[in-house]
Amino acid sequence: MSQFARSPVTAVLGPTNTGKTHLAVERMCGHASGMIGFPLRLLAREVYDRVVRMKGPAEVALITGEEKILPPKARWFCCTAESMPLERETAFVALDEAQLGADPERGHVFTDRLLRARGREETMILGSDSLRPMLKALVPEAEIVGRPRFSTLSYAGAKKLSRLPRRSAVVAFSAEEVYAVAEALRRLRGGAAVVMGALSPRTRNAQVAMFQAGEVDYLVATDAIGMGLNMDVHHVAFASLHKFDGRRQRRLTIAEMAQIAGRAGRHQKDGTFGALHEEGPSAFTPEEVLAIEGHQVPRLEHLYWREGEPDFASIDALIGSLERKPHADVLRAAPQATDLAVLKRLSEESWVRDRVRHPRMVARLWAACGLPDFRKLGVDPHARFVGRLFGHLSEGRGHVPHQWFADEIQRLDNMGGDVETLAGRIAAARSWAYIAHRADWLEQPAHWAERTRAIEEKLSDALHASLTQRFVDKRTTVLLRQIGADASSLPVTIGPEGEVSVEEHPLGTLQGFRFKVAAEARAGDKRMLLAAAEKRLAGEYRRRGAALAEAPDAELTQVGSAIHWRGDDVALLKPGANMVRPRVQLDRALDVLDPQTKSMVQARLERWFAERVQADLPVLAKLDAITREAAAGAPLRALANALLEQGGLLPRRAAGAMLEALDGPARHRLRTIGMTIGTLDVFAPSLLKPRAATRRRALMGLEQGPPEAAVVLPRDAAAADLVHGFRPFGAQAVRVDLVERIARAAHEARQGRKPFAPDPALATSIGLTPETIARLMAQLGFRTARGDADAPQRWIWQGLTPLAKPKPVARPGNAFAALAALRNG
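Residues numbered from 1 in each chain as written. Predicted model: local features only at pLDDT ≥ 70, side-chain atom pairs only at ≥ 80, totals over all residues. Heavy atoms only, no water.

Chemist: Sorry if this is basic, but what is going on with helix 25 (residues 690-700) here?
Modeler: Two residues of an α-helix separated by three or four positions point the same way, owing to the 3.6 residues in each turn. When helix 25 is considered as a whole, its buried residues turn out to be A692, A693, R695, R696, R697, L699 and M700. Phi for G701, located one or two positions after helix 25, is positive at around 70°. (Buried < 20%, exposed > 50% of the residue type's maximum accessible area, 1.4 Å probe, protein only. Helix = DSSP H or I, 4+ residues; strand = E, 2+ residues; numbered from the N terminus.)

See the structure below:
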């Protein structure tokens, strides 16, 4: 026991949110000197910063395992419980969260401080009311003061993540679960800050500052949040009620539940708690709810203890003292901690026993075993690392080699990687920071402490940036805040290029009637952003719909089977009655319009299409009129239908029976509308002109056509096909209107059945080869006449052979499916 054991001891017990820590800090600052032991490095740093603002940096020390700020004239000390310098005399001493003496892993440390840490003038023990029977048994002289909670804590039931109120903290019990919840909150609510005990104070402070400043409305934390970290949390939601305590997966105790739930509310502001699941093992039982609301936590029946002043006479004496049974009935021997497990492993090494022959060296070995396993490697790997460390500490001048230390921390000086990688580097950096803060382990401890601090800060900044990038979407956060207000107040702006933003946060682009989420938005955000933005763009959609319903012709274009308005898809041409009367189907993006506006748009596009056909393809429009004209007669209507199905161009052989059925007036009607009944084909010359040909191909869904003004193509050219208006003859294909001109010229030049030589000027001027001419003449009904080899080619009219029975002509219900019939014509 300390020599100041007879100083007054006050135990301040009560639930969370009672201001116990604040009271202890005020009491400490009222003394000439003081020391407080905290359960977390983060909490020690938080209080250190507060006391520095009150007393100045030269007067305040911070001592943790991996961070030490120790001014020469420091009078007030903020420490972790493990790092409290009990040999230092101070007027005031306090131990925070003393009920952690019941924790199997660290409990023996808090029990030791409870029994031995005393101030010269005053000692305070802070903790849960569950500690009361332990204090009466172990510190009977302590005055126990109950501290009521300043505000009401009530159960709010189970709430899904999507329905959590703002300023909520979600508590999970593993890094994987924390990341999963934070990712879900980013998608659903715009993001969350992340707080875990493994974070460096710099990263944790940056994340908490983001939450406190309102940049995010949600916090995801491990149970470290229950240890006095002060944040403006209104609601605490438990993602789970089970945790792995280092030995087994178990349900939280009511004391643990109450400790965490108590973080809701601040000072006199009421708070609520609940779970994310209404049923199952992750839901609260009625008994647990009543106990937490009433702050009725079960009393502790024992604390864990281990000898705080072990025997350094030898390794065996050290191990024996650490395994000594406790002296009080309410104390239990602490389970074997990592430091003792490492000590036992190293004690089995002969080289270790050879070097540990003096109490001073035994103490040095025990100090090395005290290096925490920050990286969570497990006993064996950690023991090997500690063994290498002690090997250096036990030889030569007893210092860690400069090069080894420098190489190891240099490897950590890398800011790349994801959240898990950066967190791993920070954990490794904490090991080296712990070593650097042992003044007798390095030749230049101050230099290396500063070097490790700088690396940890850089890694912390990178981790904060990575956490923010991964778990925070500021655009969504702003959007969701506005959604919570009056919908009409959402400040959606649309730029000249259709860019949509909310309070200068870009959400995406409005292209026509389709809202496209910004490319950098993650897949999980798109549905929510799409719904939120489109809901607020109804007015813009109405304006654009009215503009489309009255759009001038110049704003509408046809690209393939699509109709564009100002460059954006608004409709598709689907199979209809025939190629000039397709069905105009509005694009699904126009579903945002009201029915009346959609009807007006539909009528405008149908009218525009019909006018385009009438202007560019009048022959086809007239053929369509014939198909609906009862007075035209069945033969003419049948031929008109067949011509429409083939885009106004039909092989005469395929039309033979229908042509034979036409009477004189019907043939005259065809010629009047611009159709030519040729020797080999029935066609409209106007459809072969460049503009009409392009429009015709678009309606038929054809690929790229022949070069403009081309009259002859190689047989293997892509457009050397009757569907494009070219009839193949051997190695060449000739445009059908030129074929008809050559046919007429040949028939005008012949003299009955006498051999004749037609004028070759027309054929040769367009580039026909002799082989092509021969094939063409043969199809026109001529045969070669025998004559002198040197004489010009002469032909004899033999008359067209009687037409064979025409091949069946495919008659699909629309022009888009009729290409096969034409290609086989």
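On we go.
Chemist: Teacher, can you tell me more about the pattern of salt bridges here?
Modeler: Two side chains with opposite charge may pair up if their charged atoms get near one another. By the definition in use, this model includes 54 salt bridges. Between R113 and D112 there is a salt bridge whose closest N-O contact spans 2.5 Å. Of the two residues examined, R113 and D112, each falls in the buried class. For E323, the salt bridge is made with K344, and the minimal N-O distance between the two is 2.3 Å. On the criterion of sequence distance, the pair formed by E323 in the loop between helix 9 (315-322) and strand 18 (331-333) and K344 in helix 10 (residues 338-347) is long-range, its members being 21 residues apart. Residue classification places K344 among the partly exposed positions, given a relative accessible area of 24%. A network of salt bridges, in which partner residues are shared, links R41, R45, D49, E67 and E456. (Salt bridge = Lys/Arg side-chain N within 4 Å of Asp/Glu carboxyl O.)

Chemist: I would appreciate a short explanation of the environment of L623 in the present structure.
Modeler: Tracing the chain through its elements places L623 in helix 21 (residues 618-627). Residues L623 and V580, 43 residues apart in the sequence, show an inter-C-alpha distance of 9.6 Å. Sequence-distant contacts of L623, that is, excluding residues within four places in its chain, are made with A640, L643, L644, L670, I673 and M675. (Contact = heavy atoms within 4.5 Å.)

Chemist: Can you walk me through the packing of helix 15 (residues 419-436) against helix 16 (residues 445-471) in this structure?
Modeler: The description of two helices packed together rests on the angle between their axes and the distance between the axes. The N-to-C vectors of helix 15 and helix 16 enclose an angle of 160°; their axes lie 9 Å apart at closest approach. Comparing the axis directions of helix 15 and helix 16 gives the class roughly antiparallel. Seen from above, helix 15 lies across helix 16 with left-handed handedness. Residues V419, E420, L422, A423, R425, I426, A429, R430, W432, A433 and A436 of helix 15 touch helix 16, and the partners they reach there are P445, W448, A449, T452, E456, L459, S460, A462, L463, S466, L467 and R470. (Axes fitted to C-alpha atoms, helices over the stretch in contact; angles between N-to-C directions. Parallel < 35°, antiparallel > 145°, perpendicular 65-115°, else oblique. Left-handed = near helix turned anticlockwise from the far one by under 90°.)

Chemist: What should I look at first to understand the side chain of T772 in this one?
Modeler: Position of T772 relative to the elements: it lies in helix 28 (residues 770-780). Looking at T772, the relative accessible area reads 0%, which means it is buried. At 2.6 Å, the side chain of T772 forms a polar contact with the side chain of Q732. (Polar contact = N/O pair within 3.5 Å; in protein donor to acceptor, adjacent residues only side chain to side chain.)

Chemist: Please clarify how the sheet that holds strand 26 (residues 583-586) should be interpreted in this entry.
Modeler: Pairing between the strands of a sheet comes from backbone hydrogen bonds, and it takes one of two forms, parallel or antiparallel. The 4 strands are arranged 23-24-25-26 in an open sheet whose pairing can be described as antiparallel. Edge positions in the sheet fall to strand 23 (556-559) and strand 26, since each has one partner strand and no second. Each strand of the sheet is rotated relative to its neighbour by a mean of 30°, with strand direction disregarded. Pairing geometry for strand 25 (residues 568-574) and strand 26, over 4 bridges, is antiparallel. (Pairing = 2+ DSSP bridges.)

Chemist: Would you mind going over the packing of aromatic side chains with me for this structure?
Modeler: The geometry of an aromatic ring pair is captured by the separation of the ring centres together with the interplanar angle, meaning the angle of the planes. Here the structure, examined in full by the defined rule, presents 13 aromatic pairs. Measuring from centroid to centroid gives 5.2 Å for F405 and W432, while their planes differ by 80°, and the two rings are edge-to-face. Pair noted here: F405 is in helix 14 (residues 402-412) and W432 is in helix 15, with a separation of 27 residues, a long-range link. We classify F405 as buried; its relative accessible area is 0%. Look at W432 and you get buried, because its relative accessible area is 3%. For the ring pair F405 and W448, a centre distance of 5.2 Å and an interplane angle of 50° mean the geometry is tilted. Within this pair, whereas F405 is found in helix 14, its partner W448 is found in helix 16, the two being separated by 43 residues in sequence. (Phe/Tyr/Trp six-rings, centres within 6.5 Å; stacked < 30°, edge-to-face > 60°.)

Chemist: For this particular structure, what's the right way to read helix 14?
Modeler: Within helix 14, burial applies to W404, F405, A406, I409 and L412. Elements that come into contact with the buried residues of helix 14 comprise helix 13 (379-393), helix 15 and helix 16.

Chemist: Would you mind going over the pairing of strand 2 (residues 34-38) with me for this structure?
Modeler: A regular strand carries its side chains on alternate faces of the sheet. Of all 5 residues making up strand 2, 5 are buried, and the element is well covered by its neighbours. Both faces of strand 2 are covered, namely the face carrying G34, I36 and F38 and the face carrying M35 and G37. Pairing geometry for strand 2 and strand 5 (residues 76-80), over 5 bridges, is parallel. From the neighbouring strand, G34 faces strand 5, where its bridge partner is W76. As defined by bridge partners, strand 2 adjoins strand 6 (residues 92-95) across 4 bridges and the pair is classed as parallel. Each bridged residue has a counterpart across the sheet, and for I36 the counterpart in strand 6 is A94.

Chemist: Even after reading the chapter, I still don't get the environment of A192, so can you show me in this structure?
Modeler: Within the fold, A192 resides in the loop between helix 5 (175-189) and strand 11 (193-195). A C-alpha to C-alpha distance of 8.9 Å links A192 and Q207, two positions 15 residues apart in sequence.

Chemist: Help me understand unusual backbone geometry in this model?
Modeler: Note on backbone geometry: most residues besides glycine have negative phi, and most peptide bonds are trans. The backbone of R167 sits at a positive phi, close to 65°, despite the residue not being glycine. Its location among the elements puts R167 in the loop between strand 9 (153-155) and strand 10 (168-171). One non-glycine residue, A709, lies in the positive phi region at around 70°. Relative to the assigned elements, A709 resides in the loop between helix 25 and strand 30 (712-714). Residue classification places A709 among the exposed positions, given a relative accessible area of 64%.

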